[in-house]
Amino acid sequence: MSNADISKAFSKLSTALVADACLRLGVQLQIPLPGIKALIPGMKIAGHIFPVRHFGSIDIFFEAMGQVEDGDILVIDNDGRMDEGCIGDLTVLEAQLAGLGGIVINGCHRDTTELLKLGFPIFSYGSFPAGPLRRGRRHPGTHKSTQFAKFEQYRQDFVLADDDGVMFIPKSRSQEIIETATKIFETERKQAELIKTGVSLREQFKFNDYLAKREKDHEYTFRMHLRKLGAAIEE
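Residues numbered from 1 in each chain as written. Predicted model: local features only at pLDDT ≥ 70, side-chain atom pairs only at ≥ 80, totals over all residues. Heavy atoms only, no water.

**Q** Is there a simple way to think about the nonpolar core in this case?
**A** Across soluble globular proteins, nonpolar side chains show a tendency to be buried alongside one another. Of all hydrophobic cores here, the largest spans 21 residues; its most connected members are Phe61, Leu74, Ile76, Ile87, Ile103 and Ile122. If one sorts the elements of this core by residue count, helix 3 (residues 59-65) sits on top with four residues. With residues up to four places along the chain from it excluded, the contact list for Leu74 reads Phe50, Val52, Phe61, Ala64, Met65, Leu100, Gly102, Ile103 and Val104. With 18 residues, the next largest nonpolar core counts Leu13, Phe158, Ile177 and Ala181 among its residues. (Core = buried A, V, L, I, M, F, W, Y, C linked by side-chain atoms within 4.5 Å. Buried < 20%, exposed > 50% of the residue type's maximum accessible area, 1.4 Å probe, protein only. Helix = DSSP H or I, 4+ residues; strand = E, 2+ residues; numbered from the N terminus. Contact = heavy atoms within 4.5 Å.)

**Q** Is there a simple way to explain the packing of aromatic side chains in this structure?
**A** The description of an aromatic ring pair uses the distance of the two centres, along with the angle that the planes make with each other. Applying the stated criterion across every chain, the model contains six aromatic pairs. Plain terms: the ring middles of Tyr210 and Phe222 are 5.0 Å apart, the flat faces sit at 55° to each other, and that makes the pair tilted. Of this pair, Tyr210 sits in helix 8 (residues 207-216) while Phe222 sits in helix 9 (residues 222-229), and the two are twelve residues apart along the sequence. For the pair shown, Tyr210 and Phe222 are each scored as buried. Among the aromatic residues, those joined into a cluster by ring pairs are Phe205, Phe207, Tyr210, Tyr220 and Phe222. (Phe/Tyr/Trp six-rings, centres within 6.5 Å; stacked < 30°, edge-to-face > 60°.)

**Q** Even after reading the chapter, I still don't get unusual backbone geometry, so can you show me in this structure?
**A** Comment: phi is negative for the bulk of residues other than glycine, and the bulk of peptide bonds are trans. Backbone geometry at Asp111 places phi at a positive 60°, although glycine is not the residue there. Turning to its location among the elements, Asp111 is positioned in the loop between strand 4 (102-106) and helix 5 (112-118). Judged by its relative accessible area of 32%, Asp111 falls in the partly exposed class. Phi at Lys206 is positive, roughly 50°, even though this residue is not glycine. Within the fold, Lys206 resides in the loop between helix 7 (201-204) and helix 8. Using a relative accessible area of 46% as the deciding quantity, one classes Lys206 as partly exposed.

**Q** Any chance you could explain the sheet that holds strand 4 here in plain terms?
**A** By definition, the strands of a sheet pair up through backbone hydrogen bonds, in either a parallel or an antiparallel sense. The sheet built from seven strands is open, its strands ordered 1-5-4-3-2-8-9 with mixed pairing. Each of the sheet's edge strands pairs with one partner strand only, and the pair in question is strand 1 (37-38) and strand 9 (165-169). Pairing geometry for strand 3 (residues 73-77) and strand 4, over five bridges, is parallel. When the bridges of strand 4 are listed, Ile73 appears paired with Gly102. Against the sheet, helix 1 (residues 3-10) contacts strand 2 (45-53), strand 8 (158-162) and strand 9, and its axis sits at roughly 125° relative to strand 2. Those strands touched by helix 2 (residues 15-25) are strand 8 and strand 9, and its axis lies near 35° from that of strand 9. (Pairing = 2+ DSSP bridges. Axes fitted to C-alpha atoms, helices over the stretch in contact; angles between N-to-C directions.)

**Q** It is not clear to me how the side chain of His225 should be interpreted in this structure. Could you clarify?
**A** Within the secondary structure, His225 sits in helix 9. At a separation of 2.8 Å, a polar atom in the side chain of His225 contacts the side chain of Tyr220. Dropping the residues within four chain positions of it, His225 is found in contact with Phe205, Lys206, Tyr210 and Tyr220. (Polar contact = N/O pair within 3.5 Å; in protein donor to acceptor, adjacent residues only side chain to side chain.)

**Q** Any chance you could explain helix 9 here in plain terms?
**A** It helps to recall that an α-helix has 3.6 residues per turn; residues three or four apart then point in one direction. All buried positions along helix 9 are accounted for by Phe222, His225 and Leu226. Buried positions in helix 9, seen along its axis, are confined to an arc of 95° and lie on one side of it. Here the buried face of helix 9 lies against helix 8. Gly230 lies just past helix 9 and shows a positive phi near 75°. (Arc of directions from axis to C-beta.)

**Q** Before we go on, may I ask you to explain helix 6 (residues 174-196) in this structure?
**A** Under the 1.5 Å per step criterion, the end-to-end length of helix 6 is 33 Å for 23 residues, consistent within 8% with the ideal 33 Å. By the burial criterion, the buried members of helix 6 are Ser174, Ile177, Ile178, Thr180, Ala181, Ile184, Glu188, Gln191 and Ala192. Buried-residue contacts for helix 6 involve helix 1, helix 2, strand 8, strand 9 and helix 7. Gly198 occupies a position one or two residues after helix 6 and carries a positive phi of about 105°. (Expected span 1.5 Å × (residues − 1).)

Have a look at this one:
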């Protein structure tokens, strides 16, 4: 999938739906620790990861911007540090000019007031007024991969983000994940419309039948029941 393809598809979906699709397909969930949020609520991004492992200087971002493709998402690994803002308004202006579709930071940003005016999609763990004071060593794989929590993300895999958070999906499974998420979305919308007409989810899900089957077979789970019905709520 291209950046344009996944961005268009994700515009109708959510990270919650994509997470459900991954569970249904048996794809490992790659979701950062809680707390990462959009600078501006309601923003969504989806695109190829362009990884950067930050080591204290913004030149690593400018180097990346000379290699990105339109719609790529700059994913910055700052090791979850909360004691420095690793990007500010000038870096973001440069990112816009380079054609990036957004920025995701395992760490903090700064220049919040100016960034709000720019309206560029940024997801981070918060803000901190001071920039980096340290100067570490450049990571040998700085533009090959990043790391959030225990997961490693690679260039050309995909990052998706919205008000529920951020998640990563492998390029090799992206098509089926998005297609499955779309099917779940369509099923859930039909269920929602039926609720509005007075048909409860318990009726739609034949919940009493499920309880009776579970009583006879303790291995029978609600997810198994929903899959038999072609219904959706948990995944």
